[in-house]
Amino acid sequence: MNLHVPTLIARKRDGDTLDPAEIRKLIDGYTAGEVPDYQMSAFAMAVFFKGMDAVETAALTRAMLESGEVFHHPDGHPPVVDKHSTGGIGDKVSLILAPLVACTGVWIPMVSGRGLGITGGTLDKLESIPGFKVAIPLAEAQAMLAKNGVVMMGQTDRLCPADKKLYALRDVTGTVPSIPLITASIMSKKLAESLDRLVLDVKFGSGAFMKTEAAARLLADSMIAVGKEMGVEVHAVLNPMSEPLGRAVGNSLEVIESLECLEGRGPADLRKLVLDLAEKISPVPRKELEHLLDDGSARRKFDDIVRAHGGDPADLPKLGQIHHAPLIRDFPAPCSGTVAEVDAGWVGQAAVQLGAGRSRASDSIDHAVGFDHLVKCGEHVHQGHPLCRIHARTAVDFEIAESMLEKAIRIEH
Ligand code: URA
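Here the residue numbering is sequential within each chain, running from 1 through the sequence in written order. Where local features are concerned, this predicted model is filtered to residues with pLDDT of at least 70; where side-chain atom pairs are given and counted, the filter is 80 or more; whole-chain, interface and lining totals use all residues. Excluding hydrogens and water, the side-chain figures rest on all heavy atoms present in the structure.

## Section: the pattern of salt bridges
Selection rule: Each reported salt bridge corresponds to a side-chain nitrogen of Lys or Arg within 4 Å of a carboxyl oxygen of Asp or Glu. Note on conventions: DSSP H or I runs of at least 4 residues are helices, E runs of at least 2 residues are strands, and numbering of each starts at the N terminus. Think of it in three bands: with a 1.4 Å probe and only protein chains considered, a residue is buried below 20% of the maximum accessible area for its type, exposed above 50%, and partly exposed in between.
Tallying each qualifying case throughout the model produces 38 salt bridges. Across the pair Lys-125 and Glu-254 runs a salt bridge, and its minimum N-O distance is 2.8 Å. Residue Lys-125 is located in helix H6 (residues 122–126), and its partner Glu-254 is located in helix H11 (residues 251–262); the two are separated by 129 residues in the primary sequence. Using a relative accessible area of 1% as the deciding quantity, one classes Lys-125 as buried. Between Arg-389 and Asp-372 there is a salt bridge, with the nearest N and O atoms lying 2.9 Å from each other. One end of the pair, Arg-389, is in strand E10 (residues 386–392); the other, Asp-372, is in strand E8 (residues 370–372), and 17 residues separate them in sequence. What makes Arg-389 partly exposed here is its relative accessible area of 25%. Overlapping salt bridges bring together Arg-114, Asp-124, Glu-127 and Arg-358 as one network.

This is the structure:
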């Protein structure tokens, strides 16, 4: 079949439904460099406005998935599972869920991303552990998976290269927020892990990609439909992201909070979400998962992960000293009352301002800065008592973050 790309773009622009073989050819041509960026941008914009049905979205997902290499699990392997979150402020669930679920006898090959904009990324958080390597070639990742039941890695150049190229293009052409394009992007990377079961944590609210519950539902349904087309069991859980998850935001600060949760402690909302998601993909009941957090099993599995990835578990209790921001100070409550709002969007922006996140994909990040001991909605506070602790590199950063927190936190008398 000869593909005339301008005609294909025009047909999508006019709302036509494309054939899976046409979509496949387009993606193959784009991956091979035969379809230029300008045509692919026009195509992405046409999809943005006209959408794609479930069959087209599944075809796009499959074409992107098959643009590169995929995990091959040996005969007789245990069930292979994973979790994907659309991202939120203070969301460190992967760091806890991966070792926890690996303790239940399934395999979890977790391919994660970096933070962009106000949402943090699992890879950046893991890299606050000295020596922790996230760039793992597939063969090595498969060996780690067979040994420990878990690997936590970044997308390699050879894993879904079509998505890598297209996502970067969408980022600069205003075509990221399209449900079929997001679905194909996320699902192609997850399905390249050759999964049996996937749980999706789809967030909505001020600190999330999807601002409303209705939009989150549409994305969840789209991803479930693609899972069904491709023979993978997909569960979706919708969760609000109006206040940050847990009490810590910022890379090493979130690893420290994750370790607390892995030791059976930590904030209640974080533990609950980990268990809500883990029970959808684990072969054991929630009680057993709770036990694995409380008896140190999940914590020991995290040590195994750190060791396998080139880090030293002995560094984990010292992370606070290793990444010690020059300025660590309380942010006091301006009045007494009940905390009515801790706006995740503002807290995320304040964290980026401190240097914990990126504005552009090429920016470097500061592992030490951020917030901890953050108040939660519904808690009572007294004037002058801390609402959180700010970890900043400079006094100017501290003051900017402070003024953003004033907007983020609302106290009712
Ligand atoms: N995350 C992805 O990997 N792709 C998208 O399109 C959006 C979020």
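Okay, back to it.
## Structural notes on the sheet that holds E10
Heads up, the rule is: Two strands qualify as a pair provided DSSP detects at least 2 bridges between them. Helix axes are fitted to C-alpha atoms over the stretch in contact, other axes to C-alpha atoms as well, and angles between N-to-C directions run from 0 to 180 degrees.
Across the sheet, 3 strands lie side by side as E6-E10-E8; this open sheet has antiparallel pairing. The outermost strands of the open sheet, each flanked by one partner alone, are strand E6 (327–332) and E8. Within the sheet, the average angular offset between the axes of one strand and its neighbour, ignoring direction, is 30 degrees. The pairing of E8 with E10 spans 3 bridges and is antiparallel. Opposite Asp-372, over in E10, you have Arg-389 as the bridge partner.

## Structural notes on helix H17 (residues 395–408)
Condition: Expected span of a helix: the number of residues minus one, times 1.5 Å. We call two residues in contact when some of their heavy atoms are within 4.5 Å.
The end-to-end C-alpha distance of H17, which contains 14 residues, comes to 20 Å, matching closely the 20 Å that a straight helix rising 1.5 Å per residue would cover. In the core, the buried residues of H17 are packed alongside E6, strand E7 (337–342), helix H16 (344–354), E8, E10 and strand E11 (409–412).

## Topic: the site of the ligand
Under the convention used in this document: Put simply, a residue is near a molecule or strand once any heavy atom of it comes within 4 Å of that molecule or strand. Pairs of N or O atoms are called polar contacts if they sit within 3.5 Å, as long as, within protein, a hydrogen donor faces a hydrogen acceptor (for residues adjacent in sequence, only side-chain-to-side-chain pairs). Shrake-Rupley sampling with a 1.4 Å probe provides the accessible areas, and residues are treated as covered by the protein chains on show and by no other component. Using a grid of 1 Å spacing that covers the protein atoms alone, one calls a set of points a cavity when a 1.4 Å probe fits there but cannot get out, and a pocket when the set is open and has protein on both sides within 12 Å along at least five of seven lines; lining residues are those with an atom within 4 Å of a point. Each molecule is checked against the cavity or pocket grid, and it sits inside if more than half of its atoms lie within 2 Å of the grid points.
Every residue lining the ligand is accounted for by Tyr-167, Arg-170, Ile-182, Ser-185, Ile-186, Lys-189 and Phe-209. Arg-170 places a polar side-chain atom, nitrogen or oxygen, 2.8 Å from an oxygen atom of the ligand. Between the ligand and the protein, one listed contact pairs an oxygen atom with a side-chain N or O atom of Lys-189 at 2.6 Å. Protein contact buries 86% of the 240 Å² of open area that the ligand shows by itself. With respect to the detected pockets, the ligand is housed in the largest pocket. Those elements giving two or more residues to the shell around the ligand turn out to be helix H8 (161–171) and helix H9 (179–191).

## Quick look at the packing of aromatic side chains
Just so we agree on the cut-off: A pair of Phe, Tyr and Trp rings is counted when the ring centres sit within 6.5 Å of each other, with Trp represented by its six-membered ring. The angle between the planes then sorts it: under 30 degrees is stacked, over 60 is edge-to-face, the rest tilted. A ring has a charge above it when a Lys NZ or an Arg CZ is no more than 6 Å from the ring centre and no more than 35 degrees off the ring normal.
In total, this model carries 1 aromatic pair according to the counting rule given. Seen from their ring centres, Phe-48 and Phe-49 are 5.1 Å apart, and the 90 degrees between their planes marks the pair as edge-to-face. By relative accessible area, which is 30% here, Phe-48 ends up partly exposed. On the basis of relative accessibility, which here comes to 60%, the residue Phe-49 falls in the exposed class. It is Lys-165 that lies over the ring of Tyr-30; its NZ or CZ is 4.4 Å from the centre.

## Re the pairing of strand E3 (residues 150–154)
Across the 5 residues that make up E3, a large majority, 5, are buried. Burial along E3 is two-sided: Val-150, Met-152 and Gly-154 and Val-151 and Met-153, pointing in opposite directions, are all buried.

## Observations concerning unusual backbone geometry
We note that Cys-160 has phi near 50 degrees; this positive angle belongs to a residue other than glycine. At Ser-194, a position not held by glycine, the phi torsion is positive, near 55 degrees. Along the chain, Ser-194 falls in the loop between H9 and strand E4 (197–204).

## As for the packing of helix H4 (residues 54–65) against H9
So the rule is basically this: By the definition adopted for this analysis, an angle is roughly parallel if under 35 degrees, roughly antiparallel if over 145, roughly perpendicular if from 65 to 115, and oblique otherwise. By definition, any crossing whose near helix is turned counterclockwise from its far helix by less than a right angle is left-handed, and any crossing with a clockwise turn is right-handed.
Where H4 contacts H9, the axes come no closer than 8 Å and their chain directions differ by 40 degrees. If you check the angle between H4 and H9, you find them oblique. H4 and H9 meet at a crossing whose hand is right-handed. Contact with H4, carried on its side by Thr-57, Leu-60, Thr-61, Met-64 and Leu-65, involves Pro-180, Leu-181, Thr-183, Ala-184, Ser-185, Met-187, Ser-188 and Leu-191 of H9 and no other residues of that element.

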